[in-house]
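Listed below are the residues making up each chain.
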Amino acid sequence: MTFLSAHGVCYFLFWAVTNQLSEHEVAGEGKTGKLFRADFHERNGRTVLILKPGLQNTTSIDNQIRHLVYLIENVILNLPEGQEQMAWLIDFTGWSFSTSVPVKSTRDSISKIQNYYPEILVVAFFYNPPRIFEAF
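Presented here is a report on the structure given in the accompanying data block. Sequence order as written defines the numbering, with residues in each chain counted from 1. Local features in this predicted model are restricted to residues of pLDDT 70 or higher, and side-chain atom pairs are both shown and tallied only at a pLDDT of 80 or more, whereas totals for entire chains, interfaces and linings draw on every residue. Side-chain numbers come from the whole structure's heavy atoms, not from hydrogens or water.

Turning our attention to the overall build of the protein. Of the regular secondary structure elements, the protein holds 4 helices and 4 strands. If you list the helices and strands of the protein from N to C, you get α-α-β-β-α-β-α-β. Only protein chains enter the area calculation, which uses a 1.4 Å probe; residues under 20% of their type maximum are buried, those over 50% are exposed, and those in between are partly exposed. A buried classification covers 35% of the 136 residues belonging to the protein. Contacts: residue pairs with any heavy atoms within 4.5 Å of one another. Once local pairs closer than 6 in sequence are excluded, the contacts in the protein between residues at least 24 apart make up 78%. Here the accessible surface of atoms and residues is derived via Shrake-Rupley with a 1.4 Å probe, and residues count as covered only by protein chains that are part of the display. Carbon and sulfur atoms provide 57% of the accessible area of the protein, an area that totals close to 8,800 Å². Only DSSP runs of H or I with at least four residues qualify as helices, and only runs of E with at least two residues qualify as strands; both kinds are numbered from the N terminus onward.

Next up, the structure:
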């Protein structure tokens, strides 16, 4: 286990104790299918988590982050033996500024992933990204 992994485990244990999550608590966030585990794997056999920001249906940043963490935890619990990483497919179909996730929410989500789940996300694929990303 690397230092980053050990550091992430400590952060996660603190967060998990203070934020117990259940499917019932995050069900409202998942009604539109904006975030779910795919029924296929990427070419290296890793589990794929699909995010569809164009289907955003709520404004609560805390609930959105809780939903993301709940699904990441669910994926981790169901990873095949020997697999410790996942891939993301971010489908921007239907995305617009009116349905976009606020920058604060994105920043908080990235912070949670970096602090609590180091080395879990290997690659993220953008599908149909908006033209605004061409500047990056």
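Before going further, it helps to examine the pattern of salt bridges. A side-chain nitrogen of Lys or Arg and a carboxyl oxygen of Asp or Glu constitute a salt bridge if their distance falls within 4 Å. Inspection of the entire model under this criterion finds 1 salt bridge. For Glu42, the salt bridge is made with Arg46, and the minimal N-O distance between the two is 3.4 Å. In this structure Glu42 comes out as buried when scored by relative accessible area, which is 13%. The buried category is assigned to Arg46, whose relative accessible area is 18%.

Turning to the pairing of strand β1 (residues 35–41), a few remarks are in order. With 4 bridges joining them, β1 and strand β2 (residues 47–51) adopt antiparallel strand pairing. Bridged to His41 within β2 is Thr47. Strands are treated as partners if at least two bridges between them are detected by DSSP. Remark: 5 residues form the turn of the hairpin made by β1 and β2, two consecutive strands paired antiparallel; Gly45 in that turn has positive phi of roughly 85 degrees.

Turning our eyes to something else, we now look at helix α4 (residues 103–116). By this rule the span expected of a helix is its residue count minus one, scaled by 1.5 Å. Look at α4: 20 Å from first C-alpha to last across 14 residues, which is about the 20 Å you get at 1.5 Å a residue. Along α4, the positions that sit buried rather than exposed are Ser105, Ser109, Ile113 and Tyr116. Take α4 and look down its axis: the buried residues cluster within an arc of 100 degrees, on one side only. In this structure, α4 carries Val103, Arg107 and Gln114 as exposed residues pointing more than 90 degrees from its buried face. Directions are taken from the helix axis to each C-beta atom, and the arc is the one they span.

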